[in-house]
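Chain residues, written in single-letter form:
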Amino acid sequence: MPLDRGTLADAIALQHEREPFSGVVSVRQRGEVVFERGFGLAHRAERIPNTPATRFAIASGTKTLTAIAVAQLAERGRLAFGARLADFLDAPLPAFDPGVTLHHLLTHSAGIPDYFDESVMDDYEALWRERPMYRFRAPSDFLPLFSHLPMKAAPGTAWAYNNAGYVLLGLAVERASGMPFAAYVQRHVLQAAGMAASGFFALDRLPGGTALGYLPTEDGGWRTNAYAVPIVGGADGGAYTTAGDLAALWDALLGGRLVGQATLARLLTPHWRTDPERDDGHYGYGIWIRRREGRAPTYAMLGEDPGVAFSSTYDPESGVLCSLFGNTVDASWAMLGAVAGALAAA
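Residues numbered from 1 in each chain as written. Predicted model: local features only at pLDDT ≥ 70, side-chain atom pairs only at ≥ 80, totals over all residues. Heavy atoms only, no water.

A. Up close: the nonpolar core. Core analysis: the biggest nonpolar cluster contains 92 residues, and Phe88, Tyr115, Phe146, Leu168, Val185 and Leu249 have the highest contact counts within it. If sequence neighbours within four positions are ignored, Val185 has contacts with Leu65, Ala69, Leu190 and Phe200. Residues Phe21, Val27, Cys322 and Leu336 belong to the second largest nonpolar core, which totals 16 residues. (Core = buried A, V, L, I, M, F, W, Y, C linked by side-chain atoms within 4.5 Å. Buried < 20%, exposed > 50% of the residue type's maximum accessible area, 1.4 Å probe, protein only. Contact = heavy atoms within 4.5 Å.)

Following this line, the structure appears as structure tokens:
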């Protein structure tokens, strides 16, 4: 059933009036734009507005790109999902269980330590107060943050969201492809999907049309997130994209143009339940999966960093793709709730 454009637009306008949102909301149905609009400013000092063509950071939404890259190399026989650490990494990891596999890393079930453990840490910016963020440009730069720490659980025994696991996957991509991680993803994922405006951009060399991330200050003002995240994104987060490019990614992925159908099915398999208290939330390979009784599951990419909020959910039954890009955080999640409520009522 086609979505009611007017009802959706009214709900978004009302929420924006309640709590001003900065970013882009994009709702498409079977490839047709139902609602797509920019709010707030991409660059506050220069008063440059956000538009549907603005590039936004997607934080951990990047993990989907990493999973696709690993899957491609597995299809080509350069990696294997069941391969163990020693099979795909040169880095010394003496405290890690040698039984950790690519599958464990892809599904956050490896039990390895994390450099930012979200179960006990909530301030990502704090990592960079004594570590120059401008030195973190490649997956190997992150190894000293966690490679010496002990295992948290035996591989394959528990689910725990883990950024370090995706850093190791980035290193696996580099070894298997012979290319820097970002260069491989740029060529074989982003370009292959027709995402011409997307990439891994350094914070001190952002291209035109890119939104800066903003954080509130104690005096009621704002500052950018320039010192709150690594200078260049990598395998666990930090790529930039647009609403149109992201729609192209979903289309290319689900259309079998990035990986074959058998591999795609593996990416979209609900390998692990993410919350023991709920039965609907699961994780595939770099993709969040919400199971629904009697209905097809929905698939999502999610991410949050200081000054960055991102969500993109695809419902295969209705053909609805709902994406939100925010260059502030709190108002973004409130807006996403309002959009989701309007779509559920449609």
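More follows now that the structure is in view.
B. Spotlight on the pattern of salt bridges. As enumerated under the stated definition, the model contains eleven salt bridges in all. Between Arg5 and Glu32 there is a salt bridge whose closest N-O contact spans 2.6 Å. Pair noted here: Arg5 is in helix α1 (residues 5-18) and Glu32 is in strand β2 (residues 32-39), with a separation of 27 residues, a long-range link. Take Arg5: its relative accessible area is 40%, and that puts it in the partly exposed class. Glu32 sits in the partly exposed class, given a relative accessible area of 47%. A salt bridge links Arg129 to Asp123, with the shortest nitrogen-to-oxygen separation between them at 3.2 Å. Through salt bridges with shared partners, one network takes in Arg292, Arg295, Asp315 and Glu317. (Salt bridge = Lys/Arg side-chain N within 4 Å of Asp/Glu carboxyl O. Helix = DSSP H or I, 4+ residues; strand = E, 2+ residues; numbered from the N terminus.)

C. Spotlight on the side chain of Gln29. Take Gln29: it is sitting in strand β1 (residues 23-29). A residue is classified by how much of its surface remains accessible, and Gln29, at 9% relative accessible area, is buried.

By themselves, these figures tell us nothing about what the structure is for.
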